[in-house]
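Commentary on secondary and tertiary structure
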Amino acid sequence: MTWSLYASYLVFALLIAVVPGPDTMVVLKNALAGGARGGLFTCSGIALGNFVQATAVGLGLGTLIVQVRPLFETVRWAGVAYLCWLGFQALRGAWRGNYEALAGLDRRRGNGLRRFREGFLSNITNPKVMAFYLSVLPQFLDPATTGAAEALLLAYTVLVVGTVWQLTLLFLVRWAKTWLNRRRVRRTMDAVTTAALIGFGVGLAVE
């Protein structure tokens, strides 16, 4: 692989990262609900899920997983259910609107592990992530001349770029914290997040 080809891939990975998807919405939801700490735990969970999927594809296991239809369909419907559940949680927050009490409860419970779990599950139950790797990587790699190391390099590049973008989003949320914590704004953001997560779940169901 040449540096120019890798640079082209890097730009493509950046464009994919900034397009809002389930991971972005989960980071946004948890950054609003749990602050910077909640957002960081969520980003860590997503990164771990992405690492597992990227490694599976880089080592040639992704194709096998996709071809085993019962396994693929189980993961897909688990992803549908989980995204809709996260959307319902955001809807419940928008409906109640009692954010100060919820924030205090979140701090007392120390919900870092739950935020981490939500990030991990939102990524690992999304088979579109693995399908993305399987469809894009062959466009930049020649199977006859490249091995697992280069495939892993490209897969992990998406992981790193995606994590950097999510951390940037987390910084922006923290920077605009005062404005975002206004009750009307927060309820609007929760409503948007609800629509997006349920929409992604429906989209995954009809694939």
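Look up: the structure comes first, before these words.
Everything in this summary refers to the structure shown in the same document. (Residues numbered from 1 in each chain as written. Predicted model: local features only at pLDDT ≥ 70, side-chain atom pairs only at ≥ 80, totals over all residues. Heavy atoms only, no water.)

**Quick look at the overall build of the protein chain**
Rules: Numbering goes from the N terminus for both helices and strands, where a helix is a DSSP run of H or I of at least four residues and a strand is a run of E of at least two. Relative accessible area decides the class of each residue, using a 1.4 Å probe on protein chains only: under 20% of the type maximum gives buried, over 50% gives exposed, and in between gives partly exposed. Note on contacts: a residue pair qualifies if any of its non-hydrogen atoms lie within 4.5 Å across the two residues. Areas reported as accessible are Shrake-Rupley estimates using a 1.4 Å probe. Residue values count occlusion only from the protein chains shown.
Looking only at helices and strands, one finds 10 helices and 0 strands in the protein chain. Mapped in sequence order, the helices and strands of the protein chain form the string α-α-α-α-α-α-α-α-α-α. Residue burial in the protein chain is summarised as follows: out of 207 residues, 43% are buried. The long-range fraction of contacts in the protein chain, counting pairs at least 24 apart against all pairs at least 6 apart in sequence, stands at 87%. On the protein chain, roughly 11,100 Å² of surface is accessible, and the fraction owed to carbon and sulfur atoms is 70%.

**Quick look at the packing of helix H1 (residues 3–18) against helix H8 (residues 148–175)**
Condition: The angle between two axes is taken between their N-to-C directions and runs from 0 to 180 degrees, where each axis is a line fitted to C-alpha atoms and a helix contributes only its stretch in contact. Here the word oblique covers every angle except those under 35 degrees (roughly parallel), over 145 (roughly antiparallel) and from 65 to 115 (roughly perpendicular). Helix crossings fall into two classes, left-handed where the near helix is turned counterclockwise from the far one by less than a right angle and right-handed where it is turned clockwise. As a working rule, the residues Ala, Val, Leu, Ile, Met, Phe, Trp, Tyr, Cys and Pro are called nonpolar, Asp, Glu, Lys and Arg charged, and the rest polar, with Gly in that last group.
Viewed as axis vectors pointing N to C, H1 and H8 meet at an angle of 45°, and their least axial separation amounts to 9 Å. When the axes of H1 and H8 are compared, the pair comes out oblique. Seen along the crossing, H1 lies across H8 with a hand that is right-handed. Where H1 approaches H8, its residues Tyr6, Tyr9, Leu10, Ala13, Leu14, Ala17 and Val18 are matched on the opposing element by Leu153, Leu154, Ala155, Thr157, Val158, Val161, Gly162 and Trp165. Looking at the contact of H1 with H8 residue by residue, the classes come out as 13 nonpolar, 2 polar and no charged.

**A short note on the packing of aromatic side chains**
Keep this limit in mind: Pairing of aromatic side chains here covers Phe, Tyr and the six-membered ring of Trp, requires ring centres within 6.5 Å, and sorts the geometry by plane angle: under 30 degrees stacked, over 60 edge-to-face, intermediate tilted.
Going through the model one piece at a time under the given rule, you end up with 2 aromatic pairs. Taking the centre distance of 5.4 Å and the plane angle of 10° together, the rings of Phe51 and Tyr156 count as stacked. Taken together, the positions of Phe51 in helix H2 (residues 22–58) and Tyr156 in helix H8 put the pair 105 residues apart, joining distant regions of the chain. For Phe51, a relative accessible area of 39% gives the class partly exposed.

**Observations concerning the nonpolar core**
To keep it simple, the criterion reads: What makes a nonpolar core is a set of buried Ala, Val, Leu, Ile, Met, Phe, Trp, Tyr and Cys residues whose side-chain atoms join them at distances within 4.5 Å.
Within the largest apolar cluster, 20 residues are counted, with the highest numbers of intra-cluster contacts made by Tyr9, Tyr133, Leu137, Leu154 and Val158. Of all the secondary-structure elements, those providing two or more residues to this core are H1, H2, helix H7 (127–140) and H8. When residues of this core are assigned to their parent elements, the largest contribution, 7 residues, is made by H7. The next biggest cluster of nonpolar side chains, apart from the first, holds 11 residues, and it includes Ala31, Tyr82, Leu83 and Leu170.

**Considerations on the side chain of Thr24**
As for its position among the elements, Thr24 is in helix H2. Given a relative accessible area of 9%, Thr24 falls into the buried group. Residues contacting Thr24, with those up to four places away along its chain left out, are Ala17, Val19, Trp165 and Leu169.

**So, helix H6 (residues 112–124)**
We apply this condition: Given a helix with a known number of residues, its expected span is that number minus one, times 1.5 Å. Think of the arc as the fan of directions from the helix axis to the C-beta atoms.
Here H6 contains 13 residues, and its C-alpha end-to-end distance of 18 Å stays within 8% of the 18 Å for a straight helix at 1.5 Å per residue. Taken together, the buried positions of H6 are Gly112, Arg115, Glu118, Gly119, Ser122 and Asn123. Viewed end-on, H6 has its buried residues packed into an arc of 130°, placing them on one side of the element.

**Side note on H7**
Residues separated by three or four positions in an α-helix point in the same direction, a consequence of the helix having 3.6 residues per turn. In a regular helix each residue adds 1.5 Å, so 14 residues correspond to 20 Å; H7 covers 21 Å between its end C-alpha atoms and thus fits that length. Of all the positions in H7, only Pro127, Val129, Met130, Phe132, Tyr133, Val136, Leu137 and Phe140 are classed as buried.

**Focus: the environment of Ala56**
With respect to the element layout, Ala56 can be found in helix H2. A relative accessible area of 11% places Ala56 in the buried class. Separated by 77 residues in sequence, Ala56 and Tyr133 place their C-alpha atoms 9.9 Å apart. If near-sequence neighbours (up to four positions away) are discounted, Ala56 is found in contact with Leu61, Gly62 and Met130.

**Details of a nonpolar patch on the surface**
Condition: By definition, no residue in a patch forms a salt bridge, and every one has over 30% relative accessible area; like charges are joined within 9 Å, nonpolar side chains (Val, Leu, Ile, Met, Phe, Trp, Tyr) within 5 Å. Salt bridge criterion: a side-chain nitrogen from Lys or Arg within 4 Å of a carboxyl oxygen from Asp or Glu.
Residues Leu14, Val18 and Val19 make up a contiguous nonpolar surface patch of about 240 Å² in total accessible area. Mapping Val19 onto the fold places it in the loop between H1 and H2.

**Re the pattern of salt bridges**
Taken as a whole and judged by the stated rule, the model has 3 salt bridges. Among the ionic pairs, Lys29 bridges to Glu118, the shortest N-O distance being 3.2 Å. Within this pair, whereas Lys29 is found in helix H2, its partner Glu118 is found in helix H6, the two being separated by 89 residues in sequence. With relative accessibility at 2%, the residue Glu118 sits in the buried group. The closest approach of N and O atoms between Glu118 and Arg114, which form a salt bridge, is 3.1 Å. Within this pair, Glu118 and its partner Arg114 are both found in helix H6, separated by 4 residues, close to a single helical turn. The class of Arg114 is partly exposed, set by a relative accessible area of 23%. When salt bridges that share partners are traced, they join Lys29, Arg114 and Glu118 into one network.

Fair warning: the whole summary comes from geometry, so function is off the table for now.
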